[in-house]
Amino acid sequence: MQYNCSLSILFDNPMKKNMFEPTEFAPAERASSEALARQTALFQGSLVAIALNAIPAGVIITNTHRQIVFGNPVFASLTGSSQTELLGLRPGEALSCSNATLSSGGCGTTQFCRHCGAAQAILQSLSGEPAVNECHLIRKDIAQDASLDMQIFTSPFTHAGETFTLLTALDVSHERRIKAIESYYFTDVLADVGNIRNLAEMLETEVQPELWEYCQHLRFVSKRLLEGMAAYRDLGEVEQGNFQPSPEVITSRETIESVAQLFRAHAAAEGKQVRLDPECPPGVRL
């Protein structure tokens, strides 16, 4: 759906009558104080409000001007305001988005709002279609976290003859930070462990023969560490539904030898020899 980014619309507010507010994305027009009071009254004490207050996720209801006419306690806690203080605000204004004050039209009317997942999801809902999107915003003048990552779900509905949008906001900031840490872990740390393994292989050609066993063990341990880290990464991809299997063929003898190599440096193996019977057959191919 395309929006006229140079559109100027009347900002219907008792404080700014007969003024035209510029917008670079969504319309700047707001409901009159009388219309807003009527809409908020539709949900006060209603069964809808009781049900949404019990949901353990941030939920708001917005009118066709993208203003909040209801907000549950979880969403209010994200903003640091009370449920009553949310009424009439737009989502970015309630969440102290740093871009919401860049334009006199408020949340949704700046050039940056074109890239806001929340604004896009609400506009799609206003066109009659549910939407799912992600929103990352930098918060201004708030004691809580300086940034917020949310997954946004919107769905249009009609109540008392008026159109509204039900918006659910899931705070996924923690998950995004964990993902960033894992990205570093699997990129840089895997590379470092790989370098250790390569150095161990180089040392085998440089050190005295009596030290070859230690170099081989260092190479084996680093290889095992790489495989363990890769397995952990694969588990994460399985959880996200992105795992692509990469099968390889091994023999049962190789598996037994790897176990023997693992225990050769174990404290319990001190003064002992851990070895595989040289007559052991290749075994089963797996």
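You'll find the structure just up there.
Residues numbered from 1 in each chain as written. Predicted model: local features only at pLDDT ≥ 70, side-chain atom pairs only at ≥ 80, totals over all residues. Heavy atoms only, no water.

In space, the five strands of this open sheet follow the order β4-β3-β7-β6-β5, with antiparallel pairing throughout. The open sheet is flanked by β4 (68-71) and β5 (131-138), the only strands paired with a single partner. Sheet twist, expressed as the average angle between the axes of neighbouring strands with direction ignored, equals 30°. The pairing of strand β3 (residues 58-62) with strand β7 (residues 162-171) spans five bridges and is classified as antiparallel. Note that in β7 the partner of T62 across the bridge is T165. Where helix α1 (residues 33-41) meets the sheet, its contacts fall on β4 and β7, and the angle it forms with β4 comes to roughly 25°. Strands in contact with helix α6 (residues 117-126) are β5, β6 (147-159) and β7; relative to β5, the strand with the most contacts, it is inclined by about 150°. (Pairing = 2+ DSSP bridges. Helix = DSSP H or I, 4+ residues; strand = E, 2+ residues; numbered from the N terminus. Axes fitted to C-alpha atoms, helices over the stretch in contact; angles between N-to-C directions. Contact = heavy atoms within 4.5 Å.)

Our next topic: the pairing of β4. Within a regular strand, side chains alternate between the sheet's two faces. Direction of pairing for β3 relative to β4: antiparallel, over a ladder of three bridges. What sits directly across from I61, in β4, is F70. Counting the residues between successive antiparallel strands, the hairpin from β3 to β4 contains five residues, one of them, R66, with a positive phi of roughly 65°.

Okay, the environment of E34 next. Secondary-structure assignment places E34 in helix α1. A relative accessible area of 56% means that E34 is categorised as exposed. Separated by 85 residues in the primary sequence, E34 and A119 have C-alpha atoms spaced 25 Å apart. (Buried < 20%, exposed > 50% of the residue type's maximum accessible area, 1.4 Å probe, protein only.)

On to the nonpolar core, then. F75, L95, L137, M150 and I152 are the most contacted members of the largest nonpolar core, which has 22 residues in total. Taken together, the elements giving at least two residues each to this core come down to α3 (73-79), α6, β5, β6 and β7. Membership of the second largest hydrophobic core comes to nine residues, among which are F43, A49, L52 and V69. (Core = buried A, V, L, I, M, F, W, Y, C linked by side-chain atoms within 4.5 Å.)

Right, let's talk about the pattern of salt bridges for a bit. Taken as a whole, this structure holds seven salt bridges when the rule is applied. R30 serves as the salt-bridge partner of E93, at 2.5 Å between the closest nitrogen and oxygen. Taken as a pair, E93 in helix α5 (residues 91-94) and R30 in the loop between β2 (20-22) and α1 lie far apart in primary sequence, 63 residues in all. For the pair E93 and R30, one class covers both residues: buried. A salt bridge links E134 to R176; its shortest N-O distance comes to 2.5 Å. Remark: R176 occurs in helix α7 (residues 173-203) and E134 occurs in strand β5; sequence separation between them is 42 residues. (Salt bridge = Lys/Arg side-chain N within 4 Å of Asp/Glu carboxyl O.)

The contact between helix α8 (residues 212-239) and helix α9 (residues 252-264) brings their axes to 10 Å, and the two run at 110°. Considered as vectors, α8 and α9 are oriented roughly perpendicular to each other. As α8 packs across α9, the resulting crossing turns out to be left-handed. Only S258, Q261 and L262 of α9 make contact with α8, whose side of the interface consists of Q216, H217, F220 and R224. Of the residues contributing to the contact of α8 with α9, the split by class is two nonpolar, four polar and one charged. (Parallel < 35°, antiparallel > 145°, perpendicular 65-115°, else oblique. Left-handed = near helix turned anticlockwise from the far one by under 90°. Nonpolar A, V, L, I, M, F, W, Y, C, P; charged D, E, K, R; others polar.)

Positioned with a positive phi, R66 is a non-glycine residue whose angle comes to about 65°. Along the chain, R66 turns up in the loop between β3 and β4. Residues other than glycine seldom take positive phi values, yet A160 does so here, at roughly 55°. When you line up the elements, A160 lands in the loop between β6 and β7.

Tallying each qualifying case throughout the model produces three aromatic pairs. Here the aromatic residues F43, F157 and F164 are joined through ring pairs into a cluster of three or more. (Phe/Tyr/Trp six-rings, centres within 6.5 Å; stacked < 30°, edge-to-face > 60°.)

Now for the packing of α7 against α8. In the contact formed by α7 and α8, the axes pass within 8 Å of each other and the chain directions differ by 160°. Accordingly, the angle class assigned to the pair α7 and α8 is roughly antiparallel. You can see that α7 and α8 cross each other, and the crossing is left-handed. Packed against α7, whose contacting residues are E182, Y185, F186, V189, L190, V193, G194, I196, R197, A200, E201 and L203, the element α8 presents C215, L218, R219, S222, K223, L225, L226, M229, Y232 and R233 at the interface.

Any link to function would need more than the numbers given here.
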